[in-house]
Amino acid sequence: MAEQLEAAGNEPLDFSCTIMVLGKTGVGKSATINSIFDEVKFGTDAFQTGTKKVQDVVGTVHGIKVRVIDTPGLLPSWSDQCQNEKILHSVKRFIKKTPPDIVLYLDRLDMQTRDFGDMPLLRTITDIFGPSIWFNAIVVLTHAASAPPDGPNGTASSYDMFVTQRSHVVQQAIRQAAGDMRLMNPVSLVENHSACRTNRAGQRVLPNGQVWKPHLLLLSFASKILAEANTLLKLQDTPPGKPFATRTRAPPLPFLLSSLLQSRPQVKLPEEQYGDEDGLDDDLDESSDSEDEPEYDELPPFKRLSKAQIAKLSKAQKNAYFDELEYREKLFMKKQLKEEKKRRKMMKKMAAAAKDLPSEYGENAEEESSGASSVPVPMPDLVLPASFDSDNPTHRYRSLDSSNPWLVRPVLDTHGWDHDVGYEGINVERLFVAKEKFPISFSGQITKDKRDANVQMELASSLKHGEGKATSVGFDMQTVGKDLAYTLRSETRFSNLKKNKATAGISVTLLGDALSAGMKFEDKLIANKQFQVVMTGGAMTGRGDLAYGGSLEAQLRDKDYPLGRSLSTLGLSIMDWHGDLAIGCNIQSQVPVGRSTNLIARANLNNKGSGQVSLRINSSEQLQLALTSLFPLLKKLFDYFHQVQYGQ
């Protein structure tokens, strides 16, 4: 229609398109602009960078007014991002008055990169222009007439497969940089070389027979038309002064609901910290103790043997010796637990008696207790991740526990690299008491690496209002992506039966400009010290959207808990969001294998057909660990001999 109106001398079609071109240095941005207008608008040179500053050109293509903005080339490495930021800020100032309709992100088809080496550049573009720049972006792959590389076995791969793989790599990198895995940017192929094959009309044709220029213009014009249609239909709002149409992100309701459904311990006063959370210490401990089992002090004397003496024993004698040693250690730990339990009861009685004393005695007791606690004592060593370093770096984390009520500890990265110090952040905790009956708990954690920083902060308090009834209020702040989520929550817990506890709670979360609210119900059944079941259900809503789900967790512990090492957990979860039902099952079991080895098996499966099975063995015997490490080596040798056998 535009060509017909132009040929008839009538007024041109009231349609124009502004295109901005972004990309790395040397991918062919200026050459592509020259091909779009079929004339040399910008000079190109194979031995030096072309565009030095932001510039635009206006022309007519097939009867349609087209404005193209050419930008300087960008560099992909981390060290060049400061220079890229300067360039992109100049581009942002240039397009402030007349923002582009379409963004063409150019890259080369023949650049075989699978390690996401362009991620620093894509993140810089996203940070400066916002994730909305990718919503109306087209991926343009230049040098599209390049021959596909050879396959893994030396056979020639197809051109279509070559284009598909390269397009997938670029699209996936853009999704990760934008933080939106639903993005699907269209891909267009371009070949600007003069030796490119042409058809009878003189148009350049790609190896797959496609004429690339009409295809690129069609994608650009169609994206502009769809954007105008969305504006007319009010499908999205375009705030004034914004270079790109910003789409308000929907709150991640499944993530917020999962956080709401988590069981949280109740904040207690300092004198109440000694009791079990379930409040079933006395009954369950007395029922679990065996009457026929002797006390540790009643055992006959026992002499430990040295390593040289143990080496002289026979196999049967060694087994008998270690069985006796393990039995005595078990009784000794039980004795310590009973003494600790008596000490806790005494502390409770003393705290209750202190409340009945006159204020003078209470002040004297506080002075005495403060003077005694001012003596610093060493804190227990932190459990560090496994490392191959011969020097144990535990001393780096040793500190004194003084009278300072603030507890400051380092955060360790348990899955970090070997030979690493292990510091990932800092954790701060403190327990306050307001008006002698309101416990207030504060905990904050900040972690930082070379790329991202995460903040987590929790402020919680609770109030008892009856036997077995308590209400807690909390305020949470945590990092979700690049935003901060603020959550105000409240829970009420009551014991409807002696071995059953029910909880009802609500929460309100502010993430960006989205406000979400949710509620949950939880029921915890404690059969005995070995078996307990927790059932949870709830829903979360925000911006007219709704997500609801629930979970069931059954835990079976060792009969000698907390001394035993056996532990089995069965978890079932269900989540429904936008009609998409997600059902998951998780099974985990820890079984002792011998005296110094534990086997941890875990399996999970969901209704999407994906799952994972993992086996982990931890042992204090270094020989067993060395033998375990032989399996991947033997597999590698087996694969090598298998390839040699078949002449590969």
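Refer to the structure printed above.
The structure presented is a predicted model; accordingly, all values stated were derived computationally and were not measured.

### Some points on the overall build of the chain
Here is step 1 of the chain: Broken down by element type, the chain carries 13 helices and 22 strands.
Here is step 2 of the chain: Within the structure as shown, the chain displays about 41,100 Å² of accessible surface, and the carbon and sulfur contribution to it stands at 57%.

### Re helix α13 (residues 630-645)
Here is step 1 of the chain: Across its 16 residues, α13 extends 22 Å between first and last C-alpha, which sits within 8% of the 22 Å expected from 1.5 Å per residue.
Here is step 2 of the chain: Sparse coverage of α13 is indicated by the burial of zero of its 16 residues.

### Let's talk about the nonpolar core
Here is step 1 of the chain: Within the largest apolar cluster, 59 residues are counted, with the highest numbers of intra-cluster contacts made by Leu 104, Tyr 105, Ile 125 and Trp 134.
Here is step 2 of the chain: The biggest single contributor to this core is helix α5 (residues 159-178), with eight residues.
Here is step 3 of the chain: Residues within four places of Leu 104 in sequence aside, it is in contact with Ile 19, Met 20, Val 21, Leu 22, Ile 138, Val 140, Leu 216 and Ser 220.
Here is step 4 of the chain: In terms of nonpolar packing, the next biggest core, distinct from the first, is built from eight residues, Leu 257, Leu 260, Leu 261 and Ala 547 among them.

### Concerning the pairing of strand β4 (residues 102-108)
Here is step 1 of the chain: With respect to burial, β4 is a largely interior element, six of its seven residues being buried.
Here is step 2 of the chain: The sheet contact formed by strand β1 (residues 16-23) and β4 spans five bridges and is parallel. The partner of Met 20 across the bridge, within β4, is Val 103.

### Concerning the sheet that holds strand β5 (residues 137-142)
Here is step 1 of the chain: As summarised here, the arrangement of the six strands in space is β2-β3-β1-β4-β5-β6, forming an open sheet in which the pairing is mixed. The sheet is open, and its two borders are formed by β2 (55-61) and β6 (187-189), each paired with just one other strand. Averaged over neighbouring strand pairs, the angle between their axes works out to 25° when direction is ignored.
Here is step 2 of the chain: In terms of strand pairing, β5 meets β6 through three bridges, oriented parallel. Directly across from Val 140, in β6, lies its bridge partner Ser 188.
Here is step 3 of the chain: In the packing of helix α2 (residues 29-37) onto the sheet, the strands contacted are β1, β2, β3 (64-70), β4 and β5, and the crossing angle to β2 comes to about 25°.

### Considering the environment of Lys 303
Here is step 1 of the chain: Within the fold, Lys 303 resides in the loop between α8 (281-288) and α9 (307-311).
Here is step 2 of the chain: Here the alpha-carbon distance between Lys 303 and Leu 325, two residues 22 residues apart in the chain, equals 9.7 Å.

### Considerations on the pattern of salt bridges
Here is step 1 of the chain: Applying the stated criterion across every chain yields a total of 19 salt bridges.
Here is step 2 of the chain: Among the ionic pairs, Asp 118 bridges to Lys 24, the shortest N-O distance being 3.1 Å. One end of the pair, Asp 118, is in the loop between β4 and α4 (119-129); the other, Lys 24, is in the loop between β1 and α2, and 94 residues separate them in sequence.
Here is step 3 of the chain: Residue Asp 118 is classed as buried on the basis of its relative accessible area, which comes to 14%.
Here is step 4 of the chain: In this structure, Arg 328 engages Glu 324 in a salt bridge whose closest nitrogen and oxygen atoms are separated by 2.8 Å. Separated by four residues within a single helix, Arg 328 and Glu 324 lie in helix α10 (residues 315-356), roughly one turn from each other.
Here is step 5 of the chain: The exposure class assigned to Glu 324 is partly exposed, which follows from its relative accessible area of 29%.
Here is step 6 of the chain: In this structure, a network of salt bridges that share partners links the residues Lys 24, Asp 107, Asp 118 and Arg 166.

### What about the environment of Asn 427?
Here is step 1 of the chain: Considering the arrangement of structural elements, one finds Asn 427 in strand β10 (residues 423-434).
Here is step 2 of the chain: Between the C-alpha atom of Asn 427 and that of Thr 447, which follows or precedes it by 20 residues, the distance is 8.7 Å.
Here is step 3 of the chain: Sequence-distant contacts of Asn 427, that is, excluding residues within four places in its chain, are made with Leu 407, Val 408, Arg 409, Val 411, Gly 444 and Gln 445.

### Quick word on the packing of aromatic side chains
Here is step 1 of the chain: Evaluation of the coordinates by the stated rule reveals eight aromatic pairs.
Here is step 2 of the chain: Between Tyr 105 and Trp 134, the ring centres sit 5.8 Å apart and the planes meet at 80°, which makes this aromatic pair edge-to-face. Of this pair, Tyr 105 sits in strand β4 while Trp 134 sits in the loop between α4 and β5, and the two are 29 residues apart along the sequence. The same class applies to Tyr 105 as to Trp 134, namely buried.
Here is step 3 of the chain: Joined through ring pairs, the aromatic side chains of Phe 302, Tyr 321 and Phe 322 make up one cluster.
Here is step 4 of the chain: For the cation-ring pair, Lys 224 lies above Phe 15, with the distance from its terminal atom to the ring centre recorded as 5.1 Å.

Reading the values: rules and limits
Residues numbered from 1 in each chain as written. Predicted model: local features only at pLDDT ≥ 70, side-chain atom pairs only at ≥ 80, totals over all residues. Heavy atoms only, no water. Helix = DSSP H or I, 4+ residues; strand = E, 2+ residues; numbered from the N terminus. Areas by Shrake-Rupley, 256 points an atom, 1.4 Å probe, with all protein chains shown as cover. Expected span 1.5 Å × (residues − 1). Buried < 20%, exposed > 50% of the residue type's maximum accessible area, 1.4 Å probe, protein only. Core = buried A, V, L, I, M, F, W, Y, C linked by side-chain atoms within 4.5 Å. Contact = heavy atoms within 4.5 Å. Pairing = 2+ DSSP bridges. Axes fitted to C-alpha atoms, helices over the stretch in contact; angles between N-to-C directions. Salt bridge = Lys/Arg side-chain N within 4 Å of Asp/Glu carboxyl O. Phe/Tyr/Trp six-rings, centres within 6.5 Å; stacked < 30°, edge-to-face > 60°. Lys NZ or Arg CZ within 6 Å of the ring centre and 35° of its normal.

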